[in-house]
Amino acid sequence: QVTLVESGGGLVQTGGSLRLSCAASGGSLSGLNVAWLRQAPGKNREFVASITPSGSTKSYADTAKVRFTIGRELGAVFLQMNDLKSEDTAVYHCSAGRYLAQVQRGTGDHWGQGTQVTVSS
């Protein structure tokens, strides 16, 4: 049973940076598509970024294209977030699975509990 564990969230000021990490307990993220999604209070869940198993294809939401970077490192998947804004405040979840489209919607094989990111002005 694969359990996704997110880490790296916290409180940061506007313009600051955070690096989130998604790791698999009881398994591996190798061979799986992985995405980051976020949900702010009172808002729908939204796609942030995704990466294919080889790491060759990365996709980003328009709001993340310039400021965020997704990558694979030592068996985990990270999300480097720079120049954070108040509207980035949300719980960030990791989604992983065999099918990219499902993973990007957050309906893939595996889903993490999330890590809180709070950006203060």
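Only a predicted model underlies this, so the values are computations on that prediction, with no experimental measurement involved. (Residues numbered from 1 in each chain as written. Predicted model: local features only at pLDDT ≥ 70, side-chain atom pairs only at ≥ 80, totals over all residues. Heavy atoms only, no water.)

Colleague: How should the packing of aromatic side chains be read in this particular structure?
Modeller: The geometry of an aromatic ring pair comes down to the distance between the two centres and the angle between the two planes. Under the criterion given, the structure shown has zero aromatic pairs. Sitting over the face of the ring of Phe78, Arg19 holds its NZ or CZ atom 3.9 Å from the ring centroid. (Phe/Tyr/Trp six-rings, centres within 6.5 Å; stacked < 30°, edge-to-face > 60°. Lys NZ or Arg CZ within 6 Å of the ring centre and 35° of its normal.)

Colleague: So what exactly am I meant to see when it comes to the environment of Gln116 here?
Modeller: Position of Gln116 relative to the elements: it lies in strand S11 (residues 115–120). In this structure, the C-alpha to C-alpha distance between Gln116 and Gly106, residues ten residues apart in sequence, is 17 Å. With residues near it in sequence (within four places) discarded, Gln116 still touches Gly9, Gly10, Thr89, Ala90 and Val91. In this structure the side chain of Gln116 is engaged in a polar contact, spanning 3.4 Å, whose partner is the backbone oxygen of Ala90. (Helix = DSSP H or I, 4+ residues; strand = E, 2+ residues; numbered from the N terminus. Contact = heavy atoms within 4.5 Å. Polar contact = N/O pair within 3.5 Å; in protein donor to acceptor, adjacent residues only side chain to side chain.)

Colleague: Whenever I open this one, the sheet that holds strand S8 (residues 76–81) confuses me. Can you help?
Modeller: The pairing of strands in a sheet happens through backbone hydrogen bonds and is either parallel or antiparallel. What the four strands build is an open sheet, ordered S1-S3-S8-S7; its pairing is antiparallel. Each edge of the open sheet carries a strand with a single partner, namely strand S1 (3–7) and strand S7 (68–73). Across the sheet, the axes of successive neighbouring strands diverge by a mean angle of 20 degrees, strand direction being ignored. Bridge analysis of S1 against strand S3 (residues 18–25) gives five bridges, and the strand direction is antiparallel. Residue Leu4 lies in a different strand from S3, and its bridge partner there is Ala24. (Pairing = 2+ DSSP bridges. Axes fitted to C-alpha atoms, helices over the stretch in contact; angles between N-to-C directions.)

Colleague: In this structure, what is going on with the pairing of S3? I would like to understand it.
Modeller: Consecutive side chains of a regular strand alternate in pointing toward one face of the sheet and then the other. Examined bridge by bridge, S3 and S8 share five bridges and lie antiparallel to one another. Looking at the pairing, Leu20 lines up with Leu79 of S8.

Colleague: Would you mind going over the nonpolar core with me for this structure?
Modeller: As a rule of thumb, soluble globular proteins bury nonpolar side chains together. Leu29, Trp36, Val48, Phe68, Leu79, Met81 and Tyr92 are the most contacted members of the largest nonpolar core, which has 27 residues in total. For this core, the secondary-structure elements that each account for two or more residues are S3, strand S4 (33–39), strand S5 (46–51), S7, S8, strand S9 (90–97) and S11. Considering each element in turn, this core owes the most residues, four residues, to S9. Other than its neighbours up to four places away in sequence, Leu29 contacts Leu4, Cys22, Ala23, Ala24, Val34, Arg72, Gly75, Ala76, Val77 and Ala96. (Core = buried A, V, L, I, M, F, W, Y, C linked by side-chain atoms within 4.5 Å. Buried < 20%, exposed > 50% of the residue type's maximum accessible area, 1.4 Å probe, protein only.)

Colleague: Can you walk me through the state of the cysteines in this structure?
Modeller: By definition, a disulfide links two cysteine residues through a covalent bond between their sulfur atoms. Tallying each qualifying case throughout the model produces one disulfide. Across the disulfide, Cys22 is cross-linked to Cys94 (sulfur-sulfur distance 2.0 Å). Here the disulfide of Cys22 and Cys94 is left-handed, its torsion about the S-S bond being about -80 degrees. Residue Cys22 is found in strand S3, and its partner Cys94 is found in strand S9; the two are separated by 72 residues along the sequence. Judged by relative accessible area, Cys22 falls into the buried class, the value being 0%. (Disulfide = S-S within 2.5 Å.)

Colleague: Would you mind showing me how to read the pattern of salt bridges here?
Modeller: When charged atoms on two side chains of opposite charge get close, those side chains can pair. Under the counting rule described, the total for this entry stands at seven salt bridges. A salt bridge links Glu73 to Arg19; the shortest N-O distance between them is 3.1 Å. Remark: Arg19 occurs in strand S3 and Glu73 occurs in strand S7; sequence separation between them is 54 residues. On the basis of relative accessibility, which here comes to 42%, the residue Glu73 falls in the partly exposed class. Across the pair Arg38 and Glu46 runs a salt bridge, and its minimum N-O distance is 2.5 Å. Residues participating in the shared-partner salt-bridge network are Arg38, Glu46, Arg67 and Asp88. (Salt bridge = Lys/Arg side-chain N within 4 Å of Asp/Glu carboxyl O.)

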